[in-house]
Amino acid sequence: MEEKNQLKRNLKLWHIFVLGLALLCPTTVFDTYGIATGISGGHVPTAYMFTLLAILFTAFSYANMVKVYPEAGSAYSYVQKVIDPNIGFMVGWAALCDYIFLPMVYALSVQIYMGAFFPSVPVWIWVFITMLFCSVMNIFNTKVTVTFNTIFVILQITVAIIFVALLIQEILNGNGTGHVFSLEPIYSANLTWSTLLAGSTVLAYSFIGFDAISTLSEDAIQPQKNIPRAMVLLAVFLGLLYTTITYFMQSVYPDVSMFKDPEAASAEIAQQIGGLLFATVFLATVVTGSMVGGITAQLSTTRLLYAMGRDGVLPKKIFGYVNPKTGVPVNNVIISGLFGMTAVFFSLVTATSFISFGAFTAFTFVNLSVIIHYIVKKKERSVKALIFYLLFPLLGLSFIILLWFNMDKHALYMGLIWNVIGVVYLMNMTKMFKVPPPILIREEKI
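Parameters at a glance
- Residues numbered from 1 in each chain as written.
- Predicted model: local features only at pLDDT ≥ 70, side-chain atom pairs only at ≥ 80, totals over all residues.
- Heavy atoms only, no water.
- Helix = DSSP H or I, 4+ residues; strand = E, 2+ residues; numbered from the N terminus.
- Buried < 20%, exposed > 50% of the residue type's maximum accessible area, 1.4 Å probe, protein only.
- Contact = heavy atoms within 4.5 Å.
- Areas by Shrake-Rupley, 256 points an atom, 1.4 Å probe, with all protein chains shown as cover.
- Lys, Arg positive; Asp, Glu negative; His and termini not counted.
- Charge placed at Lys NZ, Arg CZ, Asp CG, Glu CD.
- Axes fitted to C-alpha atoms, helices over the stretch in contact; angles between N-to-C directions.
- Parallel < 35°, antiparallel > 145°, perpendicular 65-115°, else oblique.
- Left-handed = near helix turned anticlockwise from the far one by under 90°.
- Phe/Tyr/Trp six-rings, centres within 6.5 Å; stacked < 30°, edge-to-face > 60°.
- Patch = residues over 30% accessible without salt bridge, like charges linked within 9 Å, V, L, I, M, F, W, Y side chains within 5 Å.
- Salt bridge = Lys/Arg side-chain N within 4 Å of Asp/Glu carboxyl O.
- Expected span 1.5 Å × (residues − 1).
- Core = buried A, V, L, I, M, F, W, Y, C linked by side-chain atoms within 4.5 Å.
- Nonpolar A, V, L, I, M, F, W, Y, C, P; charged D, E, K, R; others polar.
- pLDDT = per-residue confidence, 0-100.
- Polar contact = N/O pair within 3.5 Å; in protein donor to acceptor, adjacent residues only side chain to side chain.

Peer 1: Describe the overall build of the chain, naming the residues involved and giving the relevant values.
Peer 2: Looking only at helices and strands, the chain has 15 helices and zero strands in total. Considered along the principal axes of its C-alpha atoms, the chain spans approximately 70 × 55 × 40 Å. Within the span of the chain, comprising 446 residues, buried residues form 56% of the whole. Across the chain, every contact between residues at least 6 apart in sequence was considered, and the portion connecting residues at least 24 apart equals 82%. When the accessible surface of the chain is split by element, carbon and sulfur atoms take 71% of a total near 18500 Å². For the chain, the centre of its 25 positive side-chain charges and the centre of its 20 negative side-chain charges are spaced 15 Å apart.

Peer 1: Account for the packing of helix α3 (residues 44-68) against helix α4 (residues 75-82), with residues named and values stated.
Peer 2: Across the interface, α3 lies against α4 with an axial gap of 10 Å and an inter-helix angle of 65 degrees. Relative to α4, α3 is oriented roughly perpendicular. The hand of the α3/α4 crossing is left-handed. Across the interface between the two elements, Tyr62, Met65 and Val66 from α3 touch Ala75, Tyr78 and Val82 from α4.

Peer 1: I'd like to hear about the packing of aromatic side chains, residue by residue, with values.
Peer 2: To describe a pair of aromatic rings, one takes the distance between the centres and the angle between the planes. Under the counting rule described, the total for this entry stands at 24 aromatic pairs. Taken together, the ring pairs in this structure connect Phe30, Phe163, Phe278 and Phe282 into an aromatic cluster.

Peer 1: Any chance you could break down a nonpolar patch on the surface for me, citing the residues and the numbers?
Peer 2: Judged by side-chain polarity, Trp124, Phe128, Ile129, Leu132, Val136, Phe140, Val344 and Phe345 come together as a nonpolar surface patch covering roughly 780 Å² of accessible area. Structurally, Phe345 can be placed in the loop between α12 (330-340) and α13 (348-377). A relative accessible area of 70% places Phe345 in the exposed class.

Peer 1: Pulling in residues and values, what's your account of the environment of Ala307?
Peer 2: Residue placement: Ala307 occurs in helix α10 (residues 265-310). Ala307 sits 189 residues away from Phe118 along the chain, and the two C-alpha atoms are 40 Å apart.

Peer 1: Help me get a handle on α3, residues and values and all.
Peer 2: Across its 25 residues, α3 extends 36 Å between first and last C-alpha, which sits within 8% of the 36 Å expected from 1.5 Å per residue. Counting buried positions over the 25 residues of α3 gives 19, a clear majority of the element.

Peer 1: Residues and numbers for the pattern of salt bridges, please.
Peer 2: Scanning the model with the defined rule gives one salt bridge in all. Across the salt bridge formed by Glu380 and Lys378, the nearest N and O atoms sit 3.6 Å from each other. Among the residues examined, Lys378 registers a relative accessible area of 48% and is labelled partly exposed.

Peer 1: Any details on the nonpolar core? Residues and values, ideally.
Peer 2: Among the nonpolar cores identified, the biggest contains 122 residues, and Tyr62, Phe163, Leu167, Phe210, Ile269 and Phe282 are the most heavily contacted of them. Broken down by element, the residue count for this core peaks at 17 residues, all from helix α5 (residues 85-117). Contacts of Leu167, omitting those with residues within four sequence positions, involve Ile245, Phe248, Met249, Val252, Tyr253, Ile269 and Ile273. Of all hydrophobic cores here, the second largest spans five residues; its members include Val110, Met114, Trp126 and Met291.

Peer 1: Describe in detail the packing of helix α6 (residues 124-139) against α10, supporting the description with residues and values.
Peer 2: Where α6 meets α10, the closest approach of the two axes is 9 Å, and the angle between their N-to-C directions is 55 degrees. Taken together, the axes of α6 and α10 are oblique relative to one another. You can see that α6 and α10 cross each other, and the crossing is right-handed. The residues of α10 that touch α6, namely those facing Thr130, Met131, Phe133, Cys134, Ser135, Met137 and Asn138, are Met291, Gly294, Ile295, Gln298 and Leu299. The residue makeup of the contact of α6 with α10, split by class, is seven nonpolar, five polar and no charged.

Peer 1: I'd like a description of the confidence of the model for the chain, backed by residues and values.
Peer 2: Looking at the chain as a whole, the pLDDT averages 83, with 91% of positions reaching at least 70. Counted against residues more than four places away or in other chains, residues 440-446, with its pLDDT under 50, gives 16 contacts.

Peer 1: Got a sec to walk through α4? Specific residues and values, please.
Peer 2: For α4, the buried fraction is high: eight of the eight residues fall into the buried class. Taken as a whole, α4 has its buried residues at Ala75, Tyr76, Ser77, Tyr78, Val79, Gln80, Lys81 and Val82.

Peer 1: Kindly report on the side chain of Thr130, identifying the contributing residues and their values.
Peer 2: Note that Thr130 resides in helix α6. Residues within four places of Thr130 in sequence aside, it is in contact with Ala107, Val110 and Met291.

Peer 1: An account of the side chain of Ser336 is needed here, citing residue identities and associated values.
Peer 2: Structurally, Ser336 can be placed in helix α12. On the basis of relative accessibility, which here comes to 9%, the residue Ser336 falls in the buried class. Within polar-contact distance, the side chain of Ser336 engages the backbone oxygen of Asn332 at 2.7 Å.

Peer 1: Help me get a handle on the environment of Pro70, residues and values and all.
Peer 2: Relative to the assigned elements, Pro70 resides in the loop between α3 and α4. Overall, the relative accessible area of 10% leaves Pro70 in the buried class. For the pair Pro70 and Leu426, spaced 356 residues apart in sequence, the C-alpha separation works out to 25 Å.

Take a look at the structure:
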């Protein structure tokens with residue numbers, strides 16, 4: 001029997017894809033270029049290609065789990081049902097680090113850019129405006145959000161194309177390698193596995209959040225088909241886009257030590273290749289891209305809170321409520337918006353650390369869930385099953401382990417503290433594990 005208090009299924013494949021692009025923010029590639037160039041020894045496009053292959057394995061794992069459990073809870077729901085309800089709760093609790101702090105990162109990014117342009121304006125105002133704007137957009141029906149995001153995603157990609165065209169013009173004028181097609185940005189004698197892995201670890205952050213569109217499973221039409229397709233398409237599209245952009249950036253600027261601030265090298269490059277006008281448009285696009293990313297990040301946050309509230313893990317009357325007219329969990333929008341405004345008390349590094357811990361926890365257990373569900377429980381032993389349900393998840397898990405070993409220590413410490421709080425909450429909820437945590441067995445016809 002269909003529930004009355006539920007999300008509305010009105011998102012098609014392209015809607016989900018656009019929301020994913022908005023969340024991951026295509027202009028993120030410009031934020032990491034300077035840092036990645038130094039770490040990878042000038043082989044950013046190669047590091048992106050390696051990262052894409054690695055992330056794809058985890059994307060396939062998410063796609064395989066969405067087909068079985070097309071629910072808003074994402075990793076929380078998969079682990080809860082496949083491995084153990086208590087472990088599922090802890091994965092969901094850890095994932096809250098990712099989803100709740102992700103809108104903060106975008107708000108802080110806006111604060112950094114706008115603070116530089118308007119130093120006399122109190123920085124907290126930019127955080128307040130960003131989160132208020134994101135919350136207002138998410139109060140509307142999801143299709144309204146998609147329409148708004150589509151406009152700014154197109155703007156970001158357009159500016160990226162112009163950026164590449166200007167770089168090609170520089171190459172044709174004899175700058176950089178002097179050749180449009182060259183192997184130098186991809187391979188040279190100083191490319192090593194250590195520099196490649198180090199660069200990939202940094203660039204993996206560009207893909208963190210691709211899993212968030214799995215939280216839209218109950219907003220999507222035909223989620224078992226459209227969510228997996230959107231996730232894989234998103235990873236491939238962004239991987240190729242990032243590789244192409246950085247290939248031409250690396251061809252013209254193989255060494256970023258010449259810039260005043262290597263971390264902000266892209267902004268200086270924009271001014272050098274396009275003048276002040278293009279640099280202004282470029283920075284404006286980066287700022288709007290961050291705001292659009294914040295909208296979609298908050299959208300995903302509200303869906304995870306809804307899933308946990310609907311199950312009774314969080315207070316159901318508050319977090320499990322959906323506006324019957326719009327199909328939007330409005331309470332979660334307001335709560336996540338207010339929480340996001342606390343970003344004024346955090347640094348970008350702190351917020352990013354929380355995100356990393358939550359994302360890597362979710363990635364780890366989703367890969368494990370695929371193996372346990374298909375190989376252990378369903379005992380599938382075909383060649384296809386062994387490739388997609390065993391080999392690919394193991395490869396995805398191996399890469400995530402590399403990321404764990406390279407994670408910032410502050411992220412680990414803060415993540416452990418967060419998990420201790422979660423364990424205490426779980427012990428209280430389950431009366432010292434004497435009763436299982438709430439779990440909702442849905443019988444909705446998809």
